[in-house]
Structure formats: structure tokens, C-alpha cells
2 protein chains.
Amino acid sequence: MRATVMYGAGDVRIEKVPDARVTEPTDALVVITHACICGSDLWGYKLMPPGGPGRAMGHEAIGIVEAVGASVRTLRTGDLVVMPFAYSDGTCPFCQEGLNTSCVNGGFFGAGQMGGAQAEAVRVPQADGTLVALPVSRDDALMPSLLTLSDVMGTGHHAAVSARVRRGHNVAVVGDGAVGLCGVIAARRLGAEQIVILGRHADRLEIAKAFGATDAVSTRGEEAVTRVRELTGGFGVHSVLECVGTDDAMQMAIGMTRPGGAVGRVGVPHYEAIPASQPAFYRNITVSGGPAPVRSYITTLLPDILEGRIEPGRVFDRTMKLDEVPAGYRAMNERKSIKVMVRP
Amino acid sequence: MRATVMYGAGDVRIEKVPDARVTEPTDALVVITHACICGSDLWGYKLMPPGGPGRAMGHEAIGIVEAVGASVRTLRTGDLVVMPFAYSDGTCPFCQEGLNTSCVNGGFFGAGQMGGAQAEAVRVPQADGTLVALPVSRDDALMPSLLTLSDVMGTGHHAAVSARVRRGHNVAVVGDGAVGLCGVIAARRLGAEQIVILGRHADRLEIAKAFGATDAVSTRGEEAVTRVRELTGGFGVHSVLECVGTDDAMQMAIGMTRPGGAVGRVGVPHYEAIPASQPAFYRNITVSGGPAPVRSYITTLLPDILEGRIEPGRVFDRTMKLDEVPAGYRAMNERKSIKVMVRP
């Protein structure tokens, strides 16, 4: 089959690889109908050293179940399913608590020996715990929004939950990528009254406003902190959704948090230590977050998509075939595209 | 009047200073009957550079109201009151949310121009919002426990609240000082099932066990992390109360937290950045805490002391007169005393 392999910064190729297949009794084989390129894929696209073995790419997908292992109980061949970026058994203590990304039998697609979803098909371990069947047809108009349940919508929701967004809160969202934009939806959905988006791209800020952002701030650093405080009566916001993952972004996030407030971080951290330890301490600011347990959030968010209350699929601004994926990486890396949908 | 002044590391003196008095209409003048030396005072005792102006010491007290300003409504001369380590107006948005340590008209005793409580008397700003009248006489046997409401019991409780201790949780307490020991009480009070105390002093670990600790670990660093995981089925604890304030202690605290768990830090941080950012992220660990809003916790904790359900006063192992305070600092700094009560 054909699949996307990254060999180093800027070096993404579509290659022939061995066919994905069921190898464990708990596996499903899923033929991909929809995948996408993630902002987190761009970290490798910027920084991956060359010379090592290639890395299978992609961790977001919708597809059709083609085969299941002998012990799979809840899925049948032909089911249309959405696949979270992490697989999980659904039964371990962490899955039971809703933290599927810490499943004791879990792992991540496109990492280690696991195949990726920017491919014709993917082997899904722990299929019963991982996949969720969708009650629509594969050509439904909701497909882009349903695809965001794989990662970005659940991740934006996790940022909002981790930042303890409550009805009437004011919220800042650091980052205008697809996760930040979904964070705006999530904050609005949880009842935030004022939502400040921090970003520098007019097209993205437009979408943020359509999703419920009330204010936009395009400066950075101390200037942005000052502006957010001005916009919120001088104290800062109750909740910051940190959707970037740099030291600067965290510094800024903590700076604009109101005393007693919280930062929910979902941007994969590219910093060794969390900055601003002392300001965070003296203002009793909570720092929370991590890889989103999107599997458990699918249950929460799916009805809102099916009933049209939220439309996260608007973050996709390009659709490409598998062969065009390298161009998709370029477009996202150059900020010419917010998020690319892939139709293998 | 006589008061305690610190001039540098190891240099604490009892001096004649101008009498404390009411200067604002919202002030009360409190004559100190009970004060104490705090673990946080020892940071200055170890590190304060010499040569600067002296610093008035002490921020924990019980005393008698001697005079009140014209606008004080809830207190009368003769009232026996407990004084939190921070003053607060009780009415600002943060006080209303229970975060009195971020009061917009608040501040800290023994800091800046504010007098300290290791003295014969202290001026208390925002007296109505700050002081709590006690329904006992000044010689009541409960006095040591009531005195801990000034700081250490409320701070231990804040660590437990920030670490989200719940019924049935397992908990680790890093640090066997007075705050750590009160943290054990707080964790137990909130229903923790297993409480692991980390410390190295047999006498303190004895008290911890009397307070409800189920296990003690006397190693440090990675070794301690491994031991705590072994004690908790391999995953680590739901909640860690970080009651030290060093980089090593935070590193250890994050290391022993179960995925999805939380660290409540109340040790004044002597580190610029919070370590272990990436392990904390990948395990969805929350870091929370800061200066405890002990004023709002007095309401919560006072009944338990009055009715004998908790006995945090057992952390005091010495009582000294004001003139002996320098010896008290030495004793605490050399770990010969857990906590010194001062009777001016």
C-alpha cells in the first residue's frame, strides 16, 4: 500500500510500504477514507534530523473497517469509524477514568513501530477500545467536522477543560492554528463569555470570530499580556488555552492568567521546564494539560457535531490526495493552509 | 515595643522599635499573645544578604485587639483574634472567590513596610476582612492548634486542595516540616486512603503517623519516586503535596504523580522554572498551588479544631519568650525543633 514517510526536516515522501493487516486478535484493519496533516507533524517537518529510519506519519483518520481480529466484539466489517490519535483498551484504570492517553495497553499512531494514518490503510490495535462507529455515510457533509474528533477538536476541548473554563469566564486562546480555533469552539461551548484569540493571521482570526472569539490580539510577549489584561478589567483571564508549545507561549499564557486561574496546555512542549514558576506561584495559577484523551471526548462532542451546534470542520481549508501530501506539509509549514484534509 | 528584626543570614535580633499603632481607619492594633517561627522564615535565615535595612519578622499570631480604627465594624477591644499571614479586605473580587492572598487591597505581614508578628504588638490593616475572633479564652488548651490557622494548617490544607485530594485517593507529602505534617492532617481530613510522608527525621515521621500517614519514605530523588510507585501499585499517587520549595522536591513530586494526578505546591519556590515539564505534560499532571488563602480556610477548619477532630498544634515542640527568638531560629534551622511557639 502507499503511505507517508518522513525522513527528515522538509523531507516527506509517499512510498510503497507493506500492507497494513490484522496481527493481533484485538486489531482492526481500517481503510482510510479521510485523514489529515496535524500541526504537531510540523515539529518533525522543521526539526527531524536526517539519516535515521523513516517515520510513518499521520494519526487522525476516518475510515471503513476492512477486517477485525478474532476477539473484537463491537465492530464489524464495513463500519465507518473515527480513529483517535492514540489507541487504548477502554478498560484499564486510566481509560475508566477517561484518561485514554495513559492507557496501560495504549500507544500513539505514527510513533515507534506503529503505522500512520496518512496512508491507504492502518492497523488499529485495541480496536474495541479505540474506534467509534459513526452513524452517517462516508459522504456525509459532516465528514470534515467528524474528522476533527480524531484530534484537534478533542484537543481544543482538552485545553478548555484543563484550563477549567466555566460559564461566564473570560478566556484567552494562545495560537490560531487548528487546535487554537477548536479551543475557541470549546471555550464557547463551555459557556465562556469573553474569548480573546491570540494570533497573527487575518484569515484564521476571521474563523476564530465565527467560532465565538470576542476579541483578537496580534501582538506577542509582554505587549500581548498587557493588552489581554486591558481587555479583561486589569486582572487577566480566568483560563488560558495554550495551543502552541513554546517557552514564549507558556510565558505569555501564565502572564495573562488572572490570580487563581488556570492554563490548559495542549501544544506539545518544546521547553524543558515551565517558565514563570514564581509568578505562577504567587498568583496561585494552575498549569494543567497534556495529550488529550480524545477517545473519551468523542462521546461528549459527537452529538454537538451531528446536531450542527458546532462546526469544527471549518478549520480545513484544503483537500488533497495522498500523492499531494508533501505539498500539504509545505503549505501548512508556510502558513498558507490552516489544515489539510487528505483523501487517500 | 520589642520586635524581631532580621539583618542577614543567621542574624536575628530582638530590638526596640516604634510602637505599632492604628494609622488607618480600617486598622486594628493587636497585642500578641502567641506567635511562631515559620519554615519560610528560615529561607531568609539561610540566604539574606547582610548590609540592607532590617526586616520585621513573623506573620503568624493570636492576640488581643487593643484598639480599632474608626471604620472597623466587626471587632471590639478585648477580642481574642487569630491573624492570617496575609491581610485582605474580604470584599474584593478575589476575596469573594476565597483567594484572599490576591486581595487587591491586601499584603503580607513581615514584608515591605509591614510590621511582623514576632513582636509585642502588630498593626493589622483591613482588620474586618483579616482577623477572626476566637470563641475561647487566651489560655485555652486549644491555643497551639488555633495558632496554626495563621499559616501552617491552612497552608497544608491548601496543598491538599490544590493537589485535588479526594476520598479514597492515595497521596504523597513531600517534606516533614510543620506544613508537611499539617498536609498529612489535611489529606486525611479530605478522605485520602493512603498517605505517604517523605522525610528523614524520625520524630517528625512519628507525628506524621499520628496524624494519619500510612507509609514513610526516607530516601530522595529517583529512589524515592521508585519507592512511592512501589507502594501505590506501580502508578504513583493521585496527589502530591509539595511542602519544600526546591527544584529537587518539585522534580520528585512530579515523578511520583500518577497520570492525571496533581501536585499542590505550597513550598515557596526557590526555582525559576518548574522542572519535568515534558513528563508532566505526557502524563497530564496538573501543577497548582501558591500562597494559601488561609483567611478563607479558617472558616472551614476552625470547627474541626474546636471539636477536637484535628490537632495540628502538635507540630509545636518548643515554646519560647520573645527574647529567646534568635535561639528559636537556630533550633529550627538546625532541625532541632519542628516549630517554635513564641509567647511575647
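Residues numbered from 1 in each chain as written. Chains lettered and ligands numbered in written order. Predicted model: local features only at pLDDT ≥ 70, side-chain atom pairs only at ≥ 80, totals over all residues.

Trainee: Can you lay out the overall build of chain A for me, pointing to particular residues and giving the numbers?
Mentor: Scanning chain A from N- to C-terminus turns up 12 helices and 18 strands. Taking 2.2 N^0.38 as the reference for a compact globule, 344 residues should give roughly 20 Å; the C-alpha atoms of chain A span a radius of gyration of 20 Å, in line with that estimate. Its C-alpha atoms put chain A at 60 × 40 × 35 Å along the principal axes. (Helix = DSSP H or I, 4+ residues; strand = E, 2+ residues; numbered from the N terminus. Rg over C-alpha atoms; globule rule 2.2 N^0.38 Å.)

Trainee: Explain the pairing of strand β12 (residues 194-198) of chain B residue by residue, including any values.
Mentor: Residue and element names in this part refer to chain B. The buried fraction of β12 is high, at 4 of 5 residues. With 5 bridges joining them, strand β11 (residues 170-174) and β12 adopt parallel strand pairing. If you follow Val171 over to β12, its bridge partner there is Ile195. A crossover connection joins β11 to the parallel β12 through helix α6 (residues 178-189); in handedness this β-α-β unit is right-handed. Relative to strand β13 (residues 215-217), β12 is paired through 3 bridges, and the arrangement is parallel. Note on β13: the bridge partner recorded for Val196 is Asp215. In this region the chain leaves β12, passes through helix α7 (residues 202-211) and returns to the parallel neighbour β13; the handedness of that crossover is right-handed. (Buried ≥ 20, exposed ≤ 12 C-beta atoms within 10 Å, placed from the backbone. Pairing = 2+ DSSP bridges. Right-handed = clockwise from strand over helix to strand, strands pointing away.)

Trainee: Go over the sheet that holds strand β4 (residues 55-56) of chain B with me, naming the residues and quoting the values.
Mentor: Residues and elements named next belong to chain B. Taken in spatial order, the 3 strands of this open sheet run β2-β1-β4, and their pairing is antiparallel. At either margin of the open sheet sits one strand with a lone partner, and together these are β2 (11-16) and β4. Here strand β1 (residues 2-8) pairs with β2 via 6 bridges, running antiparallel. In the strand pairing of β2, Gly8 is matched with Asp11. Across the face of the sheet, helix α12 (residues 325-333) comes into contact with β1 and β2 while running at roughly 160 degrees to β2. (Contact = placed C-beta atoms within 7 Å. Axes fitted to C-alpha atoms, helices over the stretch in contact; angles between N-to-C directions.)

Trainee: I'd like to hear about the relation of the copies chain A and chain B, residue by residue, with values.
Mentor: Once chain A has been moved 0.0 Å along the axis and rotated by 180 degrees, it coincides with chain B to within an RMSD of 0.0 Å. This pairing of chains is accounted for by a two-fold axis. Comparing interface residues between copies, 100% of those in chain A also lie at the interface in chain B; the contact surface is shared. (Least-squares fit on C-alpha atoms with pLDDT ≥ 70 in both.)

Trainee: Kindly report on the domain arrangement of chain A, identifying the contributing residues and their values.
Mentor: Residue and element names in this part refer to chain A. Parsing chain A into structural domains produces domain 1 (2-151 + 293-343) and domain 2 (153-289). Domain 1 and domain 2 are separated by 26 Å when their C-alpha centres are compared. Taken together, the 18 residues of domain 1 in the interface contact 16 residues of domain 2. Among the elements that take part in the side of domain 1 that touches domain 2, helix α11 (residues 294-306) stands out by supplying 5 residues, more than any other. Residues belonging to the side of domain 1 that touches domain 2 are distributed by class as follows: 10 nonpolar, 3 polar and 5 charged. (Domains from an automatic or database assignment. Nonpolar A, V, L, I, M, F, W, Y, C, P; charged D, E, K, R; others polar.)

Trainee: Account for the environment of Gly115(B), with residues named and values stated.
Mentor: All names here are of chain B. Examined against the element boundaries, Gly115 turns out to sit in the loop between β8 (107-108) and β9 (121-124). In sequence terms Gly115 and Gly175 are 60 residues apart; their C-alpha atoms lie 29 Å from each other. The residues contacting Gly115, other than those within four sequence positions of it, are Ala3, Ala20, Ala56, Val122 and Arg123.

Trainee: Account for the packing of helix α5 (residues 152-162) of chain B against α6(B), with residues named and values stated.
Mentor: Residue and element names in this part refer to chain B. Put simply, α5 and α6 touch, their axes get as near as 7 Å, and they point 60 degrees apart. Here α5 lies oblique to α6, going by the angle between them. The handedness of the crossing between α5 and α6 is right-handed. Across the interface between the two elements, Val152, Met153, Thr155, Gly156, His157, Ala159 and Ala160 of α5 pack against Ala178, Val179, Cys182, Gly183, Ile185, Ala186 and Ala187 of α6. Across the contact of α5 with α6, the residue classes tally to 10 nonpolar, 4 polar and no charged. (Parallel < 35°, antiparallel > 145°, perpendicular 65-115°, else oblique. Left-handed = near helix turned anticlockwise from the far one by under 90°.)

Trainee: Quick rundown of the sheet that holds strand β4 (residues 55-56) of chain A? Include the residues and the values.
Mentor: If you walk across this open sheet you meet the 3 strands as β2-β1-β4 (chain A), and the pairing is antiparallel. Each having just a single partner strand, β2 (11-16) and β4 of chain A make up the two edges of the open sheet.

Trainee: Give me the lowdown on unusual backbone geometry, citing residues and values where you can.
Mentor: Residue and element names in this part refer to chain A. Phi angles above zero are rare outside glycine, and Gln126 is one such case at about 50 degrees. The residue Gln126 is located in the loop between β9 (121-124) and α3 (127-130) in this model. With 26 C-beta atoms packed within 10 Å, Gln126 lands in the buried category.

Trainee: Please give an account of helix α6 (residues 178-189) of chain A that cites residues and values.
Mentor: A turn of α-helix holds 3.6 residues, and therefore any two residues three or four places apart point the same way. Residue and element names in this part refer to chain A. When the terminal C-alpha atoms of α6 are compared, their 16 Å separation across 12 residues agrees well with the 16 Å that a helix rising 1.5 Å per residue should span. In terms of burial, α6 is largely enclosed, as 10 of its 12 residues are buried. Among all positions of α6, only Ala178, Val179, Gly180, Leu181, Cys182, Gly183, Val184, Ile185, Ala186 and Ala187 are buried. Its buried side turned inward, α6 meets α5 (152-162), β11 (170-174), β12 (194-198), α7 (202-211) and β14 (237-242). Phi turns positive, to about 100 degrees, at Gly191, one or two residues after α6. (Expected span 1.5 Å × (residues − 1).)

Trainee: Quick one: what's the story with the packing of helix α8 (residues 221-231) of chain B against helix α9 (residues 247-255) of chain B, residue by residue and with numbers?
Mentor: Residue and element names in this part refer to chain B. α9 packs onto α8 with a crossing angle of 25 degrees between their chain directions and a minimal axis gap of 9 Å. As the angle between them shows, α8 and α9 are arranged roughly parallel. α9 is crossed by α8, and the crossing has right-handed handedness. Contact residues: Gly221, Ala224 and Val225 in α8; Asp248, Met252 and Gly255 in α9. A per-class count over the contact of α8 with α9 returns 3 nonpolar, 2 polar and 1 charged.

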